Amino acid sequence: GWMADYDTFPLNPFLRHGRQLPENGALIVYGQNVPALVSGRASEYFRLAQRIGESFQRHMVVAKQQQQQQQQQEQNPEQHEETPNSENGNGNIAKITWSDMKALGELSTWNENSFISRREVLAGETALTGTTWGPDECEKSWGMRAVHFSHRALQEGKQAYRGFEHRPTVARQWLNMWNTHCEMSYVQD
């Protein structure tokens, strides 16, 4: 089946999709390593979910080891040279922040066959130019299945409204502008 983030909106028709998955149901992440739009068989989702969990576990082990080293240094400062943690520069262990996006980036680096990665989701920060689009800007959306108005897009984009609470307004205004000035382009599988 298909999975989309709540802040991802279709740009072009999916034609036969829903009845027949692309690549015979192999897992495809359409935003390169950003899982804003994904398709695949159930077994593929389970397989990748297991890999993401393993990635998280690896990073938890490293964080715990760093925390233990820090505690030992604090207990015996004369035996250990002062070495600030590179995470935050003050010697305190930063909390681990790990996400499906970070895990997918890691998995694609380690094993190129973990999933199929495509660039078919327009990044919201690219879409939010602060201007009405003309033909040159519309070209950015050609061959894109969707647009993703992520947290980053709302921080970095050039739109009238700032803040995550304005995401629905930003998305609605941009999609109306895009619908008025740009043409759909059918995506090939």
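Scroll up for the structure.
Residues numbered from 1 in each chain as written. Predicted model: local features only at pLDDT ≥ 70, side-chain atom pairs only at ≥ 80, totals over all residues. Heavy atoms only, no water.

(A) Summary view of the overall build of the protein chain. What the protein chain contains, in helices and strands, is six helices and seven strands. Going from the N terminus to the C terminus, the protein chain shows its helices and strands as β-β-β-β-α-α-β-β-α-α-β-α-α. Counting only residues that meet the buried cut, the protein chain has 35% of its 189 residues in that class. Of the contacts formed within the protein chain by residues at least 6 apart in sequence, a portion of 66% connects residues at least 24 apart. Carbon together with sulfur atoms contributes 49% to the accessible area of the protein chain, which is approximately 11800 Å² in total. (Helix = DSSP H or I, 4+ residues; strand = E, 2+ residues; numbered from the N terminus. Buried < 20%, exposed > 50% of the residue type's maximum accessible area, 1.4 Å probe, protein only. Contact = heavy atoms within 4.5 Å. Areas by Shrake-Rupley, 256 points an atom, 1.4 Å probe, with all protein chains shown as cover.)

(B) Looking closely at the state of the cysteines. Applying the stated criterion to the full structure yields one disulfide. In this model, C138 is linked to C182 through a disulfide, with the two sulfur atoms separated by 2.0 Å. Taking the sign of the torsion about the S-S bond as the criterion, the disulfide between C138 and C182, at about -75 degrees, is left-handed. Pair noted here: C138 is in helix α4 (residues 135–138) and C182 is in the segment after α6 (167–181), with a separation of 44 residues, a long-range link. We note that C138, like C182, is buried. (Disulfide = S-S within 2.5 Å.)

(C) Region of interest: the nonpolar core. With 18 residues, the main nonpolar core has L11, L122, L128, W133, V147 and W174 as its most contacted residues. Broken down by secondary-structure element, the contributors of at least two residues to this core are α5 (151–156) and α6. When residues in this core are grouped by element, the largest group, six residues, is from α6. Those residues in contact with W133 that lie beyond four places of it in its chain are L122, T126, A127, C138, K140, S141, W174, M177, W178, H181 and C182. Membership of the second largest hydrophobic core comes to seven residues, among which are V29, V38, L107 and F115. (Core = buried A, V, L, I, M, F, W, Y, C linked by side-chain atoms within 4.5 Å.)

(D) Molecular detail of the pattern of salt bridges. The full count for this structure, using the stated rule, is nine salt bridges. Here E23 ties to R118 by a salt bridge, and the two come within 2.8 Å at their closest N and O atoms. Of this pair, E23 sits in the loop between β2 (8–10) and β3 (28–31) while R118 sits in the loop between β5 (116–117) and β6 (121–123), and the two are 95 residues apart along the sequence. Between R152 and E125 there is a salt bridge, with its nearest N and O atoms 3.6 Å apart. Of this pair, R152 sits in helix α5 while E125 is found in helix α3 (residues 124–127), placing the two residues 27 residues apart along the sequence. By relative accessible area, which is 24% here, E125 ends up partly exposed. In this structure, a network of salt bridges that share partners links the residues E23, R118, E120 and R145. (Salt bridge = Lys/Arg side-chain N within 4 Å of Asp/Glu carboxyl O.)

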